[in-house]
Amino acid sequence: MKSYIAFWNILLKDMKNYYLKPPNISWGIIFPFAWMLMIFIKSQSAFNINDTFPGIIAMSILFGTTSMLAVTITFERKSRSFERLLLAPISIELLVFSKISGAILFGILNSIIPILISVLYFKSAVLNWYLLFTGIILLSIVSTLLGLSIAVSAKEVFEAQTFSNFFRFPMIFLCGLFIPIVSLPFYIRPISYILPITYGVDVLKYAISKNNSISILLDIILLVIFCVGLFYFSIFNIRKKWIV
Amino acid sequence: MESIIEVKNLTKNYGNLTAVNNISFCVYKGEIFGFLGPNAAGKTTTINMLTGMAKISNGQIFYKDNNLTTKIKKFQRYIGVVPDESNLYEELTGYENLCFSASLYGVFRSKREKKAKELLEVFQLSEASHRRFKTYSKGMKRKLTIAASLVHEPEILFLDEPTTGIDIASSRQIRNLIKKLNGNGTTIFLTTHYIEEAERLCSRIAFIKNGKIIKIGTVDKFIEDIKESNIIEVLFDSISVNKNILLKKLNQNFPDVECTFKNENTIIVISPDKIDISPIVSFLSSNNIYILEAKLIRPTLEDAFVKMTGIEIDIMKKEKEKK
């Protein structure tokens, strides 16, 4: 069977039906813009774009991917259209990959606005563009998979959104974005180190200002491990919960 | 006959609940095989296991002699599934839904576009092809869902309660389409709680109750099995003679049959053997009785179902309507 046809069409349908809808595009633009503006106004005198830049990118990706995937997967599950995909002669691995691809692309697109504002307006000098994009891609994948793990566990759209917030907000404060991990109480630090976002943010920090706190190689290896782990965790859950 | 699906000792447990209990059956190539039973009998669970939407607790499934129990995915390209509720995308148009469904089976663009147009034509949905699915009526939704399950030209079509909850005209149209599809060579497995639907459509039927198959057979076989005697009903205009005298005369002249009055205008003639009606009709006519109708009363599939399962059809219908 030509599985690539199924993959491509699931991706196209999701992009057209969910991700490229005007409200989502505007959300993808307004969200990072609002965060940047807020931080700029708050700390105008001591504003350093290189300190803010990784955080805005990470938040844009995290919120964009998890919100969208939680809604689309839960919605399709509830309306039973996801059943149609499960009945198709494609492996669950390929099906999940095609469903997350749209969200990953959406996450990557969400990072473009903060990059443009930072580079064009604030004249931020990115030290390593390759690593910046590696970080963005890995962060998009890992955030999407976090969203998928949440979506698979939820029955309703509102439940998925609530679960997402339950994870997202603590993650922002624990991953070293605003407060360096070393400044956190010692008993909280282990939580920071089990969050995949921590390593994604560290890669972005390195790429922008070399202000990282973990080895960049370790960051990338751990991110890949998180991606694979979350991917198979979601597949395991789909098989367990949806094919009962 | 060549069997296309063979199921051996299939069981589905949900914790302590056994939804399907050790059932075995065959579906022959080219037939319409029906599962007839009330709510929670295990019809949908069986379809779900056969199509890969539910795990099998025990038993085996064969497709053309290949054991697919643990690899139903391989079987999915040969099947089309129409669930009891439409599962297409509300935001897509009818045409887009069909094209998308075909793409899931690896059908190339030009072929899927052609097939989608063809199916829209067959299902009389061409005019609504560019309308969003969510704007369709229930009957139209069901028709498009059936069309979507046919875009990849499956060998077997699973239909779960295809006419439940839709208007009479659409039900009729869907039944005709099912017949037509079957006529074109598609094997059909359908579940229903409508006895007349099963009777009209199915080559063979399995009665299912509480997860167990009570009996499998053809409509004629079911009826034959419950038929205890031959019955003829004679309907007449009115009689001027005394009823008791007439009955006495009848029983004297025809000692091999038993005659009784069903009501003022109807006589029932019962015999364990075949009844020759013409002498009885002549006798009644000679007694100045004007006969309106004489007909052979056959037990119905409904009688067979009620007798074998102990379930009243009306109760079954009401249960489903409530659902």
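Predicted model, so just to flag it, every value in this text is computed and none were measured.

A few points about the overall build of chain A
Scanning chain A for helices and strands turns up ten helices and zero strands. Helices (α) and strands (β) of chain A occur, in sequence order from the N terminus, as α-α-α-α-α-α-α-α-α-α. Along the three orthogonal principal directions, the C-alpha set of chain A runs to about 55 × 40 × 35 Å. Considering only contacts within chain A whose residues lie at least 6 apart along the sequence, 80% involve residues at least 24 apart.

A short note on the overall build of chain B
A count of helices and strands for chain B gives eleven helices and 14 strands. For chain B, the C-alpha atoms occupy an extent of roughly 80 × 45 × 40 Å along the three principal directions. Once local pairs closer than 6 in sequence are excluded, the contacts in chain B between residues at least 24 apart make up 70%.

Observations regarding the interface of chain A and chain B
Each partner contributes to the interface: chain A provides 22 residues, whereas chain B provides 22 residues. For the side of chain A that touches chain B, the secondary-structure elements that each account for two or more residues are helix H1 (3-19) and helix H4 (81-86) of chain A. In terms of residues, the side of chain A that touches chain B owes the most to one element, H1 of chain A, which gives six residues. Of the residues that constitute the side of chain A that touches chain B, the class distribution is eleven nonpolar, six polar and five charged.

Description of the sheet that holds strand S2 (residues 17-28) of chain B
All names here are of chain B. Here we have four strands laid out as an open sheet, ordered S2-S1-S4-S5, and antiparallel in their pairing. Only two strands of the sheet have a single partner each, and these edge strands are S2 and strand S5 (66-67). Inspection of the sheet shows strand S1 (residues 3-14) paired to strand S4 (residues 58-63) by five bridges, in the antiparallel sense. Bridged to Lys8 within S4 is Gln60. Here helix H1 (residues 43-51) sits on the sheet in contact with S1, S2 and S4, set at roughly 115 degrees to S1.

Let's talk about the packing of helix H9 (residues 196-209) of chain A against helix H10 (residues 216-242) of chain A
Residues and elements named next belong to chain A. Two elements in contact, H9 and H10, have axes whose closest approach is 9 Å; the angle formed by their N-to-C orientations is 140 degrees. Regarding the angle of H9 to H10, the classification is oblique. Here the hand of the crossing between H9 and H10 comes out left-handed. In this structure, H9 contributes Pro196, Tyr199, Gly200, Asp202, Val203 and Tyr206 to the contact, and H10 contributes Ile216, Asp219, Ile220, Leu222, Leu223 and Phe226. Along the lines of polarity and charge, the residues of the contact of H9 with H10 split into nine nonpolar, one polar and two charged.

Comments concerning the confidence of the model for chain A
Per-residue confidence for chain A gives a mean pLDDT of 88, with 98% of residues at or over 70. Mean pLDDT across the elements of chain A bottoms out in helix H2 (residues 22-42) of chain A (79) and peaks in H10 of chain A (94).

A short note on the sheet that holds strand S6 (residues 79-82) of chain B
All names here are of chain B. Reading across from one edge, S6-S7-S8-S3-S9-S10 is the order of the six strands in this open sheet, with mixed pairing throughout. Lying at the two open borders of the sheet, with one neighbouring strand each, are S6 and strand S10 (212-217). Put simply, the sheet's adjacent strands are angled 15 degrees from each other on average, direction ignored. In this sheet, strand S7 (residues 156-160) lies alongside S6 in parallel orientation, the contact comprising four bridges.

Notes on the pairing of strand S12 (residues 258-263) of chain B
Alignment of S12 of chain B against strand S13 (residues 266-271) of chain B, held across five bridges, turns out to be antiparallel. When the bridges of S13 of chain B are listed, Asn263 of chain B appears paired with Thr266 of chain B.

Describing the packing of helix H2 (residues 94-103) of chain B against helix H4 (residues 138-148) of chain B
All names here are of chain B. Relative orientation of the contacting elements H2 and H4 amounts to 25 degrees, with a least axis distance of 9 Å. As far as their axial angle goes, H4 and H2 are roughly parallel. Along this stretch, H2 crosses H4, giving a crossing that reads as right-handed. Of the residues in H4, those touching H2 at Gly94, Asn97, Leu98 and Ser101 are Leu144, Ala147 and Ala148. Of the residues assigned to the contact of H2 with H4, the class counts are four nonpolar, three polar and no charged.

Quick notes on unusual backbone geometry
Unlike most non-glycine residues, Arg80 of chain A shows phi in positive territory, near 70 degrees. The residue Arg80 of chain A is located in the loop between helix H3 (49-78) and H4 in this model. The class of Arg80 of chain A is partly exposed, set by 14 C-beta atoms lying within 10 Å. Positioned with a positive phi, Lys64 of chain B is a non-glycine residue whose angle comes to about 45 degrees.

Quick word on the nonpolar core
Generally speaking, soluble globular proteins have nonpolar side chains that are buried together. Judged by nonpolar contacts, the single largest core of 133 residues is most densely connected at Ala58 and Val142 of chain A together with Leu98, Ala147 and Phe158 of chain B. Not counting chain neighbours up to four residues away, the residues in contact with Phe158 of chain B comprise Ile47, Leu50, Thr51, Ile79, Gly80, Val81, Val82 and Phe189 of chain B. Counting ten residues, the second largest nonpolar core, distinct from the first, contains Val234, Leu250, Val257 and Cys259 of chain B.

Some remarks on the environment of Ile181 of chain A
With respect to the helices and strands, Ile181 of chain A occurs in the loop between helix H7 (157-174) and helix H8 (189-193). Separated by 32 residues in sequence, Ile181 of chain A and Ser213 of chain A place their C-alpha atoms 8.5 Å apart.

Things to note about the domain arrangement of chain B
Split by domain assignment, chain B resolves into domain 1 (3-224) and domain 2 (228-297). Each of domain 1 of chain B and domain 2 of chain B was reduced to a C-alpha centroid, and the two centroids are 47 Å apart.

Quick look at the pairing of S1 of chain B
Residues and elements named next belong to chain B. With eight bridges connecting them, S1 and S2 associate as antiparallel partners. Across the sheet, residue Ile5 finds its bridge partner in S2, namely Val27. Between the end of S1 and the start of S2, which pair antiparallel, lie two residues, with Gly15 showing a positive phi angle near 65 degrees.

Looking at the environment of Ile289 of chain B
Relative to the helices and strands, Ile289 of chain B is located in the loop between helix H9 (277-286) and strand S14 (291-297). Along the backbone, Ile289 of chain B and Ser240 of chain B are 49 residues apart, and their C-alpha atoms lie at a distance of 8.0 Å.

Quick word on helix H5 (residues 92-121) of chain A
Residue and element names in this part refer to chain A. When the terminal C-alpha atoms of H5 are compared, their 44 Å separation across 30 residues agrees well with the 44 Å that a helix rising 1.5 Å per residue should span. Residue Ile100 marks the point of greatest curvature in H5, where the axis turns by about 25 degrees. Directly beyond the C-terminal end of H5, a positive phi value near 55 degrees is found at Lys123.

Quick word on H7 of chain A
Residues and elements named next belong to chain A. Given a rise of 1.5 Å per residue, 18 residues ought to cover 26 Å, and the 26 Å separating the end C-alpha atoms of H7 matches this to within 8%. Along H7, the residues that are buried comprise Ala160, Ser164, Met171 and Leu174. Looking at the buried residues of H7, the elements they touch are H3, helix H6 (129-153), H8 and H9. Phi for Gly176, located one or two positions after H7, is positive at around 90 degrees.

Conventions and cut-offs
- Residues numbered from 1 in each chain as written.
- Chains lettered and ligands numbered in written order.
- Predicted model: local features only at pLDDT ≥ 70, side-chain atom pairs only at ≥ 80, totals over all residues.
- Helix = DSSP H or I, 4+ residues; strand = E, 2+ residues; numbered from the N terminus.
- Contact = placed C-beta atoms within 7 Å.
- Nonpolar A, V, L, I, M, F, W, Y, C, P; charged D, E, K, R; others polar.
- Pairing = 2+ DSSP bridges.
- Axes fitted to C-alpha atoms, helices over the stretch in contact; angles between N-to-C directions.
- Parallel < 35°, antiparallel > 145°, perpendicular 65-115°, else oblique.
- Left-handed = near helix turned anticlockwise from the far one by under 90°.
- pLDDT = per-residue confidence, 0-100.
- Buried ≥ 20, exposed ≤ 12 C-beta atoms within 10 Å, placed from the backbone.
- Core = buried A, V, L, I, M, F, W, Y, C linked by C-beta atoms within 7 Å.
- Domains from an automatic or database assignment.
- Expected span 1.5 Å × (residues − 1).
- Bend = angle between axes of the 7 residues up to and from the residue.

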